[in-house]
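Results of the structural survey
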Amino acid sequence: MSRRWLFADQLGPHFLDEPGQPVLLVESRAAFARRPLHRRKAHLLLSALRHRAAELGDQALLVRTRTYRDAVDQVTARTGDELSACAPTSWAARRLTGNLPGLIVRPARGFGTGEEEFAAWMDRRSGHTLLMEDFYRDARRRLGILMDGGQPTGDRWNFDTDNREPPTPDMKGHGQDQRQGMSLPAPPAVHEDDIDLQVRRDLDEWQRAGDIRLIGGDGPREFPATRAEARAALEAFVRDRLPHFGPQQDAMLAGDPVMAHSLLSTSLNLGLLDPVECAHAAEDAYRAGKVPLASAEGFIRQLIGWRDYVWNLYWHFGEDYRHRNALDAGARLPAWFAELDAEAVRARCLSTALDQVREHGYAHHIIRLMVLGNYAIQRGWDPQELTGWFHASFADGYDWVMVPNVIGMSQHADGGLMASKPYLSGGAYINRMSDYCGDCHYRPSDRVGPRACPFTAGYWAFLDRHSSRFAHNPRMARQVKGLARLADLAEVRDQERDRGQDPP
Ligand code: SF4
C-alpha cells in the first residue's frame, strides 16, 4: 500500500484508502510566509495538521521542511515507500504534484460532485449557459438527497424565496441593547490543548523572527481542529441552529455574527467533514421531523449546490481566470481595510464587518458579499489584491473558494461568466437586511451631504462610471436608467471622488 501524502486540507478519514494506510504530513513554514495571514487561520491550519499527526501516531510521518519537494525527497529516501496523494485543491499545488516523478495522484475527494461528474454534466448541457440551479438539481438526483420517487421532496427544489427574510424586530439591537440577536445556542466550545499552546508559541516566534506576518486578533481557538470536534460541531448545529436556518440566512445582525449559520466551512475546507455526510445529517433531521424542509434544503443547497459548484468552476474556468479584470478596477486596497482597522471606519456596517473578520477570521456570506465585496466593487479595488485579502483573512479561505467567489461572484471581474450582474447595492438593501443603520453616523437614504451613506452614494457613482457597460444588461438596465432621474448626480460624482480611499 502506498504512503498517503495528506495536504493540510485533507485531514479527514475519507482521504485514506483504508484506515491503517501509512501517512505523510508536511509542515512547511514557507507556506505561511507567502502573504500576511490572519492569525486565527494560521493557528487553525497548524493546529489541525499537528492534531492529525498526533491522532495517527506511528502511522504518520510529520516532516518539517522548507518546501514540499524537500519533504517528499526526504521521506522517499528514508522509507522507500511508494507515495500517493488525492489531487490537491489549487492550481499551484497541482503543478507541484504533477512535477514530482513517482507520485501517484488520485482524484480529489471532499466534494459531492467531482471534476469528471462536472464535465459529464457540462457535456449533457451541450452549450447551454452555466446555471447553479441546474447543477444543484442534477447533484440532488445523482446523490439521492431530498428526493422521493424521482421527485424533489415536498415537490419543490428550491426554497430560496422563503429564505431571504430580513431580521425580525425582536432580533435587532438598538441603542443600549446592542447585543440582540437570534438567541440561539452558540457552537460548542473547542478546548485548546498542549498542541495549541505550542502552535501559539511557534507562531509568536516565527513572527518575531520575521519569517511570517500575521494580521487580525488572537484568542482561544474557535473552530474545530479535529474530526471529533468537527463532528460535535455538526451535531450541535443540526440540533440547535438548523431548525432556525433558512428564513434569515441573508440577514445581518451587529450583535450576533453567528445567527443560525453552521460555521462548518472551516471543517469542510480542512477536510475534517465531508459535504455529503453533512447533507445526509440535515436530511435525516428533516425526515425525523426535527427540522423544517426549507431549512434543510437551504443548508443542503449550500453544500452540494454552491460549494461544489464553486469548486468545479475553479477548475472549469482555468488557471488564468484569476487574472481577469473586466471592469478595469486597479485601485490598491487602502491600509485601513487591508489591516482590518475597524475603528478607523464610521460606516457601521463596514466597521462591524471588519471587526468580525479581525476578531474571528469569519463573517457570514452576505456580509462578505454585500458589505465587504460591495464596498470594494464600488470603489474599483483591484480584484486580484482583494482575492488575496479574502484568502488570507478568512479562516475558511482557500484558493479554490476565493478565486471564483471574488473574481466572479463578488467583483464581476470575469465580465459575467459566473453571475449575470454585479452584486451591488446601496444602503437601502443593507438597512432592510440588518440592524446596522439605526446607530450609524450616515443615513442610508442620503446620497449627498455630511450624512450621505457611502454605500448609497457609491452605488450611484459605480453605475455612473459603468453606465455604458450595463445599459443593455437585462438585469441592470433599469438601474442605469435611474441615473437620469438623479438631479444631484454631479454632486454625487464629486463627493465620491473626494472620498477617495479614505475610510468612510
Ligand atoms: Fe452602512 Fe450606510 Fe447603513 Fe451606515 S447608513 S450602516 S454606511 S448602509
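Residues numbered from 1 in each chain as written. Predicted model: local features only at pLDDT ≥ 70, side-chain atom pairs only at ≥ 80, totals over all residues. Heavy atoms only, no water.

With respect to the packing of aromatic side chains
Each pair of aromatic rings is reported with the distance of its centres and the angle of its planes. So the rule is basically this: Each pair of aromatic rings taken from Phe, Tyr and Trp, with Trp reduced to its six-membered ring, is defined by centres within 6.5 Å and is described as stacked if the planes are under 30 degrees apart, edge-to-face if over 60, and tilted in the remaining cases. Strands here mean DSSP runs of E at least two residues long; helices mean DSSP runs of H or I at least four residues long; both are numbered from the N terminus. For every residue, the accessible area obtained with a 1.4 Å probe (protein chains only) is divided by the maximum for its type, and the residue is called buried under 20%, exposed over 50%, and partly exposed between those limits. Each ring is checked for a lysine NZ or an arginine CZ that lies within 6 Å of its centre and within 35 degrees of its normal; such an atom marks a charge sitting over the ring.
Applying the stated criterion across every chain, the model contains 33 aromatic pairs. Ring plane angle 80° and centroid distance 5.5 Å describe the contact between Trp-121 and Phe-135, whose orientation is recorded as edge-to-face. Here Phe-135 lies in helix α6 (residues 132–143) and Trp-121 lies in helix α5 (residues 115–125), a separation of 14 residues in the sequence. Residues Trp-121 and Phe-135 agree in their burial class; the two are buried. With a centroid separation of 4.8 Å and 55° between ring planes, the pair formed by Phe-237 and Phe-299 is classed as tilted. Highlighted residues: Phe-237 in helix α8 (residues 227–241) and Phe-299 in helix α11 (residues 293–316), separated in sequence by 62 residues. Given the relative accessible area of 0%, Phe-237 is considered buried. The exposure class of Phe-299 is buried, given its relative accessible area of 2%. Across from the ring centre of Phe-159, 4.2 Å away, lies the NZ or CZ of Arg-156, which sits over that ring. It is Lys-421 that lies over the ring of Tyr-423; its NZ or CZ is 5.4 Å from the centre.

Looking at the packing of α6 against α11
Selection rule: For every element, the axis is a line fit to its C-alpha atoms; helices are fit only across the contacting stretch, and the angle between N-to-C directions ranges from 0 to 180 degrees. Angles are sorted into four bins: roughly parallel if under 35 degrees, roughly antiparallel if over 145, roughly perpendicular if 65 to 115, and oblique for all others. Should the near helix be turned anticlockwise from the far one by less than a right angle, the crossing is termed left-handed; should it be turned clockwise, right-handed. The contact criterion used is simple: two residues touch if any of their non-hydrogen atoms lie within 4.5 Å.
α11 packs onto α6 with a crossing angle of 110° between their chain directions and a minimal axis gap of 9 Å. If you check the angle between α6 and α11, you find them roughly perpendicular. Considering how the two elements wind past one another, α6 and α11 form a crossing that is right-handed. Residue-level inspection shows Met-132, Glu-133, Phe-135, Tyr-136, Ala-139, Arg-140 and Leu-143 of α6 in contact with α11, the latter providing Glu-297, Ile-300, Arg-301, Ile-304, Gly-305, Trp-306, Asp-308, Tyr-309 and Asn-312.

Structural notes on the domain arrangement of the protein chain
Test applied: Note that domain bounds follow an automatic or database assignment of domains. By definition here, a salt bridge exists when the distance from a side-chain nitrogen of Lys or Arg to a carboxyl oxygen of Asp or Glu is within 4 Å. Pairs of N or O atoms within 3.5 Å make up the polar contacts considered here, provided that, within protein, one atom can donate a hydrogen while the other can accept it, and that residues adjacent in sequence are counted only when both atoms are side-chain atoms. Residues are grouped as follows: Ala, Val, Leu, Ile, Met, Phe, Trp, Tyr, Cys and Pro are nonpolar; Asp, Glu, Lys and Arg are charged; every other residue, Gly included, is polar.
For the protein chain, the domain assignment lists domain 1 (3–106), domain 2 (115–190 + 225–316) and domain 3 (322–499). Look at where the C-alpha atoms of domain 1 and domain 2 centre, and you get two points 29 Å apart. At the interface, 19 residues of domain 1 touch 14 residues of domain 2. Linking domain 1 to domain 2 there are 1 salt bridge. A salt bridge links Glu-115 to Arg-94; the shortest N-O distance between them is 2.7 Å. Where domain 1 packs against domain 2, one counts 5 residue pairs in polar contact (both at pLDDT 80 or more). Mapped onto the side of domain 1 that touches domain 2, the elements with two or more residues apiece are α2 (39–56) and α4 (91–98). Sorting elements by how many residues they give to the side of domain 1 that touches domain 2 places α2 first, with 6 residues. Its residues assigned to classes, the side of domain 1 that touches domain 2 shows 9 nonpolar, 7 polar and 3 charged.

Here we look at the packing of helix α13 (residues 348–360) against helix α14 (residues 365–379)
The geometry of α13 relative to α14 is characterised by a closest axis approach of 10 Å and an angle of 110° between their N-to-C directions. Here α13 lies roughly perpendicular to α14, going by the angle between them. For the element pair α13 and α14, the recorded crossing hand is left-handed. Along its contact with α13, which presents Cys-349, Leu-350, Ala-353, Leu-354, Gln-356 and Val-357, the element α14 presents Ile-367, Val-371, Leu-372 and Tyr-375.

Here we look at the sheet that holds strand β6 (residues 104–106)
Here is the rule we go by: Strand pairing is assigned whenever DSSP identifies at least 2 bridges connecting the two strands.
Taken in spatial order, the 5 strands make up an open sheet running β4-β2-β1-β5-β6, and their pairing is parallel. Each edge of the open sheet is held by one strand with a lone partner, namely β4 (60–65) and β6. With strand direction ignored, the average angle separating the axes of adjacent strands in the sheet is 30°. Pairing geometry for strand β5 (residues 83–86) and β6, over 3 bridges, is parallel. For Cys-86, the partnering residue across the bridge sits in β6 and is Arg-106. Strand contacts of α2: β1 (3–6), β2 (23–28) and β4, with the helix running at about 150° to β2, the strand carrying the most contacts. Packed on one face of the sheet, helix α3 (residues 68–79) meets β1, β2, β4 and β5 and runs near 135° to β4.

Focus on the site of the ligand
Here is the rule we go by: Proximity is defined per residue: any heavy atom of the residue falling within 4 Å of a molecule or strand makes that residue near it.
In the vicinity of the ligand, 13 residues are found, and the nearest of them are Ala-347, Cys-349, Cys-437, Cys-440 and Cys-453. For the shell around the ligand, the elements supplying multiple residues, two or more each, are α13 and α17 (427–433). Taken together, the residues of the shell around the ligand sort by class into 10 nonpolar, 1 polar and 2 charged.

A look at the side chain of Asp-9
Under the convention used in this document: Charged-residue counts in this description rest on Lys and Arg as positive and Asp and Glu as negative, His and the chain ends being excluded.
Note that Asp-9 resides in the loop between β1 and β2. Buried Asp-9, no salt bridge; nearest opposite-charge side chain is Arg-307, N-O distance 8.1 Å. A distance of 2.7 Å separates the side chain of Asp-9 from the side chain of Thr-89, its partner in a polar contact. Among all residues touching Asp-9, those that are not within four sequence positions of it are Phe-15, Thr-89, Asn-269, Leu-270, Gly-271 and Tyr-398.

Comments concerning the nonpolar core
Here is the rule we go by: For this analysis, a nonpolar core means a set of buried residues of the types Ala, Val, Leu, Ile, Met, Phe, Trp, Tyr and Cys, connected via side-chain atoms within 4.5 Å.
Ranked by internal contacts, the top residues of the largest apolar core, which has 128 residues, are Phe-299, Phe-337, Leu-350, Leu-354, Val-371, Leu-372 and Trp-389. The biggest single contributor to this core is α11, with 13 residues. In contact with Leu-354, not counting residues within four places along its chain, are Trp-336, Phe-337, Leu-340, Asp-341, Ala-342, Val-345, Leu-372 and Trp-389. Counting 15 residues, the second largest nonpolar core, distinct from the first, contains Ile-377, Leu-424, Trp-460 and Leu-463.

Here we look at α6
Short version of the rule: By this rule, a helix spans an expected 1.5 Å times one less than how many residues it contains.
Between its first and last C-alpha atoms α6 spans 16 Å; for 12 residues at 1.5 Å apiece the expected length is 16 Å, and the two agree. Close packing links the buried residues of α6 with α5, β7 (147–148), β8 (151–152) and α11. The positive-phi residue at the C-terminal boundary of α6 is Gly-144, with phi of around 65°.

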